[in-house]
Each structure stands twice: as structure tokens, then as C-alpha cells.
There are 2 protein chains.
Amino acid sequence: MHVLVTGAAGMIGRKLAERLGRDGTLCGAAITTLTLTDIVEPPVPADFSGSVRLVTADLADPGVAASLVSGRPEVVFHIAGVVSADAELNLDKGYRANLDGTRALLDAIRRIGDGWRPKVVFTSSCAVFGAPFPDAIGDDFHLTPLTSYGTQKAMCELLLADYSRRGFLDGVALRLPAVCVRPGPPNKAASGFFSAIIREPLAGRETILPVAETVLHTHASPRATVGFLIHAAGLSREVLGPRIAITMPGVCCTVGEQIEALRRAAGDAAVARIKRAPDPLVETIVAGWPHRFDAVRARALGFVAETTFDEIVRIHIEDDLGGRIPD
Amino acid sequence: MHVLVTGAAGMIGRKLAERLGRDGTLCGAAITTLTLTDIVEPPVPADFSGSVRLVTADLADPGVAASLVSGRPEVVFHIAGVVSADAELNLDKGYRANLDGTRALLDAIRRIGDGWRPKVVFTSSCAVFGAPFPDAIGDDFHLTPLTSYGTQKAMCELLLADYSRRGFLDGVALRLPAVCVRPGPPNKAASGFFSAIIREPLAGRETILPVAETVLHTHASPRATVGFLIHAAGLSREVLGPRIAITMPGVCCTVGEQIEALRRAAGDAAVARIKRAPDPLVETIVAGWPHRFDAVRARALGFVAETTFDEIVRIHIEDDLGGRIPD
């Protein structure tokens, strides 16, 4: 099996490629080739015995998408994209990367036109929803994004569904909750603080909390997120039906509850490293995001997330800190 | 006031331009200039005393949109587009006209960038919804188009909402029901038969009914539709809020009930001109369309439609047949 991963230099892309390399199989078939692409060179997964093709290119540039799909991968994980605050601050960049890049990829697949019909797993976002919300957002709540990022993700969901319906590909769009705890340096996502308030104190560094502790949000670990992607690759079009965009499950809790989980894992000294500094841009973006979901359909389809935020903290320590909190 | 109408050679565009010309005002201001554009030359409205600029061009071609908005119209009626069956049969054409054309227009407005913020009234469609449906579709039902046309309209709604939120323009998207009775020759819309079964028999011609008489659908006359557009131009951004896409009201009835209204207006001889010939493509497209809406929000915002299909037949006779059924 040949698998293509876009955004393979990003956090989720890297973790997915590592997992695919380690597993060596996907949907029960041996992975022979991994094509990994991003705008910067993606790392080669450590434990993979098949062949790896690295492509450093911009998906929205002419010819790039066609070259990427010329090897007819059976599964495409389309993760590439510009994150929320970046897309909000740089309108052209966001539409180019998130909308035009996706369209280029899907059109390149369509233009092969010889009956090849890959599985395309697309990372959408809960930012396709926008306030005002019901207490919990059901699977048939309408698309009302309040950010350009959410708009772009929603537009891509629609395009993916149309191309799936027409039989060019088998698409599935996963509306990811906040992926938490993100390892590595902070990125430009407006949701970055949800991770930073755990990651930075655990690493002995101070961090900024730009919103109130009462802010409620839904989280899934990077490990669970990679699990969603791999599970999605195995869902048949018959099981999915025409509604290919699925809200993923997660742990719904307040920022205050996140901080208490940090305290249980690492004590008061870690919690004391969180400094309050309200940021109106972040507050506005976050206020427009949904808090809680009834991910009924995802759970019925077999997607599994963590059940407590303590578990999410523990997974961060296991997967990103080598199993122990630094001294 | 300067008003721009795209798709001005189409049925709704022509009737809108005629109405604007006859009224001479919009939102209480005198119309001084009408810019009318389409891919074929639009007609000059008969009763307009202001200046008319006709532009025959493709909105998706480079530079066309920028030229159209260079005169900074206060109100833009964006009606141009490829209809449903055409967009289904010609994928590239549909995405180019319906998505790229709209994006070119909105980007051209955005790029002026000097604080000019026109009202943009966009004709979306009830085809943004797709089966399975509840009995009546509420204002917060999700977007699940089952046609490329519906997909394109939904994507444009999202883009229009994002650009409105960012303050480039004040958008409002009207999800039109079937516009019925369409005058003139049949077009490529899959919904064309809803009009043809009234218009053709009234004109003494035979016509084809490609679906069952039990098919339920929601209709508004061209006169009501033009009324929706003009009413929408007067809605402030404060009244609309962030949810700028609104399902329009209409008359919900079966094809059989339409035929009985024709019988009351024109007798059995007219009804006998309707021939049954099921068409699988049309049946499939129509089966994926919604039937009935709770247009609660539209009615609360003051949009007014007909209340019976007899009224729709009468309006066709008044507006398109000079007030009498031909011998």
C-alpha cells in the first residue's frame, strides 16, 4: 500500500508518519511506500522499513498536487494547512493554503480519471461551528464558522463531500477538537494556550493564559488524534454514507479543570508558572468556538478519545517527555 | 445610488432590472446608475431614466470583476451562475462560474480596500440542503448538499459570511425555493419541469413531467423572488447578525396540487397537455432536494411569498402573459 501524507512536517503529520512507520500496516495491508510532503522537509519516520519519498513543496503551486498523486496512493491523509490565528491575520495566505491547496489536491486526484479512487482523510476542525450554540452541538448542527480558518475548513468539507459523491475519491472529514497537549514550540493557532498551560509548566517554563479559567473546550491528545485518522482510513463509503464530515469525540472541560489536572500531575509549583494576561484577539476567536459536542455519530463509528484530562496530561508525559516530568 | 446586477440577462436578473428601473429607487434612495452584466448582453430596462452600463463578460475571467466594481456600487445583486443540471453535467464549468466567479467578485470588492462596503445580495438555493431531512427544515439545519450546484452555493454562502464578518462588504444570501412559473424557453435546471408543467400547457404546448405527482416542493413566483432581493438589500448588518444565509418562504405543495391549480385556471384541456415520462437523472436530483422549510427567520425579517399555488399561476398570467391565457 502507498500512503500520502500532506502537512507531514507538522505536529500531527509527524506523529502520524511515525505511527504508520511503526505499525508498518494500514487497514490490514502492508505499507510499501510513504510519500510525505510539506512546505518544509518532513522528517523520515524512524522505524519504517518501506520506501519513503519526501516532497518539499507548496500544494497550491501549479503541478505540485499532480506530481504528488501520480503514484496513485491508496490512502491520502490531507493534514496540510495554515492554523487559525495565522489564517485570521493573513487572509490571502489562509485561503491559498487551506482552500486552494485542498482544491488542487482533490482536482489532481479527479484528473487522473482512470477509476482510481483513493481514500482521502481530511483534518477539518470544530471551528466550522460558530456561536450562538446549543449546550451541546449535535451531528446535524449547521455550519456557522466565525473565523476564516473555520470558513476554509467548511468549504473544503463541502468540496470533499461533492467529489466523494461523484466517485472521484472516498473522502472523510474529521472535525478535530483542540489537539492537546501539543509538544514543541508554540504555533500561531489561537487555541495554542490550551496546550501551553500544560506543556510549558511541565518543562519548567512560565506561560501566558490569555482567557478566563471558565472557558470550556473539548480536547483530544495527539495520540488519540492520530488514532482518529487511522480509524477513518478504514471506514468504507457504505458505512459513512453521504455525510462524510464527522465531529470527533474528546474531553470537555474548563481551563480551570485543565489546571487542576496539571496540579495533580506536577504540583503547585507547576501551576504557579501560569501567568494571566487576557488577549482580546484570542478571547474573541475562542468565544466564537463551540465548547461541547454530542459526538454521537463518531462514537457509533468507533472513534475513541480520552475520557479525562488527567489521561491527556499522562499521554503528553509518555509520548513527548519520555515518560517523566523534567526536574 | 449605483446598483450592480450580475446575471442580468437571466430571468431573475432581467425582472429585477425591470423592477429597479420602474421603481427608480432602492432602499429609499434614487438609483442614478445601473450596471448590468452577464455573459450575453443584458437588455436595457424599459422605464429607467438613469444611466445604464452594460457589460458582457465572464465574471471569472481575470480583471472582469475588478472592472465591474470600480464604480463602487452601493448595492450588488449577485445572481450570475450556472444552473443545477448544467453544474451537475459540467463539473469544471459549474465550479468556475458558481464558485470562482463569486470569489472573483468578492475579492475584487475586498481589494478596493478603502472602506467602501457595499451591500451584496447573493442568490443561494435550497439545494444547499440534502436528504435525509426532517419533515420541515429549520433555520439551523446543517448544510448537506447532494449536488455540485448546491455545494457551490453553500461554499459561496460561507465565503460571503466570512467577508461580511471581516467588514469587506455586507452580505446576505437568500436560499431561494424553486422559482415558479419561469417564463421563456426551458433552461437546464433540474427543477425546470416545476414551471414547464404550468407554462407550456398555458401556452397551448405539450410538456413532459419527469417525476411522480407526489413530489413535494416549495415555490415562489419570480415577482416574489425579485421582492426578496429588494427586501434583502434593505436589511442592515445589525438586523442580520452573523448568520447571513436565510431560507426564503414559499408555497409548499405537490406536483399534483400544482396541476390542480392549473386546472382551476385553464381547465382540463390545459392539464391534458402534460405527458408523463420519468427521467432518472431528474428524479435523483429532485429526491435529494428538500421539500418543506420552516422559514421562520425569513418571515420574521419581513420576507413575503405567495400563500397558494393558484396565486403563483395568476402572477405568471399577469406578469408574463399580459394578463390573459392565450387562445
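From a predicted model like this one, the values you see are computed outputs, not experimental measurements.

A.B. asks: Explain the overall build of chain A to me, please; I cannot follow it from the model alone.
C.D. replies: Across its full length, chain A carries twelve helices and 14 strands. The C-alpha atoms of chain A give a radius of gyration of 19 Å, which matches the 20 Å a tight globule of 327 residues would have. Projecting the C-alpha coordinates of chain A onto the three principal axes gives extents of approximately 60 × 45 × 40 Å. When each of the 327 residues of chain A is scored for burial, the buried share is 56%. A total of about 12,200 Å² of accessible surface is found on chain A, and carbon and sulfur atoms cover 53% of it. Placing the 34 positive and 37 negative side-chain charges of chain A at their respective mean positions leaves the two points 3 Å apart.

A.B. asks: It is not clear to me how the sheet that holds strand 12 (residues 245-247) of chain B should be interpreted in this structure. Could you clarify?
C.D. replies: Whether parallel or antiparallel, the strands of a sheet pair through hydrogen bonds between backbone atoms. All names here are of chain B. As summarised here, the arrangement of the seven strands in space is 5-4-1-6-7-8-12, forming an open sheet in which the pairing is parallel. Each edge of the open sheet carries a strand with a single partner, namely strand 5 (51-56) and strand 12. On average, each strand axis in the sheet is tilted by 15 degrees relative to the strand beside it, whichever way the strands run. Across six bridges, the pairing between strand 4 (residues 33-38) and strand 5 is parallel. If you follow Thr33 over to strand 5, its bridge partner there is Ser51.

A.B. asks: Explain the packing of helix 4 (residues 91-112) of chain A against helix 4 (residues 91-112) of chain B here, please?
C.D. replies: Between two packed helices, what matters for the description is the angle formed by their axes and the separation of those axes. Axis separation between helix 4 of chain A and helix 4 of chain B bottoms out at 15 Å; the angle between their running directions is 170 degrees. One way to sum up the angle between helix 4 of chain A and helix 4 of chain B is to call them roughly antiparallel. Contact residues: helix 4 of chain A offers A:Leu91, A:Asp92, A:Tyr95, A:Leu99, A:Asp100, A:Arg103, A:Arg110 and A:Arg111, while helix 4 of chain B offers B:Leu91, B:Asp92, B:Tyr95, B:Leu99, B:Asp100, B:Arg103, B:Arg110 and B:Arg111. Its residues assigned to classes, the contact of helix 4 of chain A with helix 4 of chain B shows six nonpolar, no polar and ten charged.

A.B. asks: How should I be thinking about the relation of the copies chain A and chain B in this particular structure?
C.D. replies: Two copies of the chain are present, and they differ by a rotation about an axis and a shift along that axis. Note on the identical chains: chain A maps onto chain B by a rotation of 180 degrees and an axial translation of 0.0 Å, with an RMSD of 0.0 Å. Overall, the copies show the geometry of a two-fold rotation axis. The C-alpha atom lying nearest the rotation axis in chain A is that of A:His142; the distance is 1.7 Å. When the interface residues of chain A are mapped onto chain B, 100% of them again lie at the interface, so the same face is used by both copies.

A.B. asks: Got a minute to help me understand the pairing of strand 8 (residues 170-176) of chain A in this structure?
C.D. replies: Here is the key point about a regular strand: its side chains alternate between the two faces of the sheet. Residue and element names in this part refer to chain A. Taken across its seven residues, strand 8 has seven buried, putting it largely inside the fold. Burial along strand 8 is two-sided: Asp170, Val172, Leu174 and Leu176 facing one way and Gly171, Ala173 and Arg175 facing the other are all buried. Taken together, the seven bridges between strand 7 (residues 119-125) and strand 8 define a ladder with parallel strand orientation. What sits directly across from Val120, in strand 8, is Gly171. You can see the chain leave strand 7, run along helix 5 (residues 148-165) and come back into strand 8, and the turn it takes is right-handed. As judged from the three bridges shared by strand 8 and strand 12 (residues 245-247), these two strands associate in the parallel manner. Residue Leu174 lies in a different strand from strand 12, and its bridge partner there is Ile246.

A.B. asks: Explain helix 10 (residues 280-287) of chain B here, please?
C.D. replies: Helical periodicity: at 3.6 residues per turn, an α-helix aligns residues three or four positions apart in one direction. Residue and element names in this part refer to chain B. Turning to helix 10, its buried residues number three or more, namely Val282, Ile285 and Val286. For helix 10, the angular spread of the buried residues around the axis is 95 degrees, confining them to a single face. Exposed and facing more than 90 degrees away from the buried side of helix 10 are Pro280 and Thr284. Along its buried surface, helix 10 packs onto helix 3 (84-89) and helix 6 (192-202). The distance from a side-chain oxygen at the start of helix 10 to the backbone nitrogen of Leu281 is 2.9 Å, and the residue carrying that oxygen is Asp279.

A.B. asks: What am I meant to see in the pattern of salt bridges here?
C.D. replies: Two side chains that carry opposite charge are able to pair once their charged atoms sit near each other. In the structure shown here, the tally under the stated rule is 52 salt bridges over all chains. Linking A:Asp61 and A:Arg96 is a salt bridge whose minimum nitrogen-to-oxygen distance equals 2.6 Å. Within this pair, whereas A:Asp61 is found in the loop between strand 5 (51-56) and helix 2 (64-69), its partner A:Arg96 is found in helix 4, the two being separated by 35 residues in sequence. B:Asp268 serves as the salt-bridge partner of B:Arg263, at 2.8 Å between the closest nitrogen and oxygen. By relative accessible area, B:Asp268 is classed as exposed at 52%. Salt bridges sharing partners connect three or more residues here, namely A:Glu88, B:Asp162, B:Arg165 and B:Arg166.

A.B. asks: Would you mind going over the nonpolar core with me for this structure?
C.D. replies: Generally speaking, soluble globular proteins have nonpolar side chains that are buried together. One finds A:Met155, A:Leu160, B:Met155, B:Leu160, B:Tyr163 and B:Leu169 to be the most contacted residues of the largest nonpolar core, which totals 76 residues. Elements with a contribution of two residues or more to this core: helix 2, helix 4, strand 7 and helix 5 of chain A together with helix 2 (64-69), helix 4, strand 7 (119-125) and helix 5 (148-165) of chain B. By residue number, the principal contributor to this core is helix 5 of chain B, which donates eight residues. Apart from the residues lying within four places of it in its own chain, the contact partners of B:Tyr163 are A:Leu91, A:Tyr95, B:Leu106, B:Asp107, B:Arg110, B:Phe168 and B:Leu169.

Each value, and the rule that gives it
- Residues numbered from 1 in each chain as written.
- Chains lettered and ligands numbered in written order.
- Predicted model: local features only at pLDDT ≥ 70, side-chain atom pairs only at ≥ 80, totals over all residues.
- Heavy atoms only, no water.
- Helix = DSSP H or I, 4+ residues; strand = E, 2+ residues; numbered from the N terminus.
- Rg over C-alpha atoms; globule rule 2.2 N^0.38 Å.
- Buried < 20%, exposed > 50% of the residue type's maximum accessible area, 1.4 Å probe, protein only.
- Areas by Shrake-Rupley, 256 points an atom, 1.4 Å probe, with all protein chains shown as cover.
- Lys, Arg positive; Asp, Glu negative; His and termini not counted.
- Charge placed at Lys NZ, Arg CZ, Asp CG, Glu CD.
- Pairing = 2+ DSSP bridges.
- Axes fitted to C-alpha atoms, helices over the stretch in contact; angles between N-to-C directions.
- Parallel < 35°, antiparallel > 145°, perpendicular 65-115°, else oblique.
- Contact = heavy atoms within 4.5 Å.
- Nonpolar A, V, L, I, M, F, W, Y, C, P; charged D, E, K, R; others polar.
- Least-squares fit on C-alpha atoms with pLDDT ≥ 70 in both.
- Right-handed = clockwise from strand over helix to strand, strands pointing away.
- Arc of directions from axis to C-beta.
- Polar contact = N/O pair within 3.5 Å; in protein donor to acceptor, adjacent residues only side chain to side chain.
- Salt bridge = Lys/Arg side-chain N within 4 Å of Asp/Glu carboxyl O.
- Core = buried A, V, L, I, M, F, W, Y, C linked by side-chain atoms within 4.5 Å.

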